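Coordinates in review
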Amino acid sequence: MSVNLKNAKMIRIYIKEQDEHAHMKLYKYIVEKLKEYNISGATIFKGINGYGERGTANIDIIRLSMDLPVVIECIDEIEKIDKILGELVEIIGDNGLIAVVDVNIVSK
């Protein structure tokens, strides 16, 4: 069986669950922005713990509040990712990290 490889880009965004932008949870805001740019899909992963430049993700059992790590991942055509990347940098600012990776999409 032969497969086709198509060049694409993957964005991985690392933030915290409690981060906000425009009076909205940042991860929800980012997903809405990805939809506006017609990015083919996104997945949000919630970590159980982690750390980064802004410190350790914490769970406060007493207040039952959580500020766990969140990763948003999307893959799409290079041109579509390039169009949204600048806006994502502005939205996230110092609240997280954005990684962009060249990938291949596999299809029959």
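It should be emphasised that the depicted structure is a prediction, and the values quoted were computed from it without experimental measurement.

What follows covers the pairing of strand β9 (residues 69-76). Of all eight residues in β9, seven are buried, a share of seventy percent or more. Two elements, strand β4 (residues 43-46) and β9, share four bridges in a ladder whose sense is antiparallel. By the bridge assignment, T43 is partnered in β9 with E73.

Whether parallel or antiparallel, the strands of a sheet pair through hydrogen bonds between backbone atoms. In space, the four strands of this open sheet follow the order β4-β9-β1-β10, with antiparallel pairing throughout. Each edge of the open sheet is held by one strand with a lone partner, namely β4 and β10 (97-107). Within this sheet the neighbouring strands show an average axis-to-axis angle of 25 degrees, counted without direction. Direction of pairing for strand β1 (residues 4-16) relative to β9: antiparallel, over a ladder of eight bridges. In the strand pairing of β9, I13 is matched with I72. Most of the contacts of helix α2 (residues 78-92) go to β1, to which it runs at about 10 degrees, and overall it touches β1, β9 and β10.

At a closest axis distance of 11 Å, the pairing of helix α1 (residues 26-36) and α2 adopts a crossing angle of 165 degrees. It follows from the interaxial angle that α1 and α2 lie roughly antiparallel. The element α1 and its partner α2 pack so that their crossing is right-handed. Counting all contacts with α1, which are made through L26, Y29, I30, K33 and L34, the residues of α2 involved are I84, E87, L88, I91 and I92. Classifying every residue of the contact of α1 with α2 by side-chain character gives eight nonpolar, no polar and two charged.

Within the secondary structure, E17 sits in the loop between β1 and β2 (20-21). A relative accessible area of 12% means that E17 is categorised as buried. At 3.0 Å, the side chain of E17 and the side chain of K46 are in polar contact. Those residues in contact with E17, other than ones at most four positions away along the chain, are K25, Y27, K46, M66, D67, L68 and V70.

Scoring rules and cut-offs
Residues numbered from 1 in each chain as written. Predicted model: local features only at pLDDT ≥ 70, side-chain atom pairs only at ≥ 80, totals over all residues. Heavy atoms only, no water. Buried < 20%, exposed > 50% of the residue type's maximum accessible area, 1.4 Å probe, protein only. Helix = DSSP H or I, 4+ residues; strand = E, 2+ residues; numbered from the N terminus. Pairing = 2+ DSSP bridges. Axes fitted to C-alpha atoms, helices over the stretch in contact; angles between N-to-C directions. Contact = heavy atoms within 4.5 Å. Parallel < 35°, antiparallel > 145°, perpendicular 65-115°, else oblique. Left-handed = near helix turned anticlockwise from the far one by under 90°. Nonpolar A, V, L, I, M, F, W, Y, C, P; charged D, E, K, R; others polar. Polar contact = N/O pair within 3.5 Å; in protein donor to acceptor, adjacent residues only side chain to side chain.

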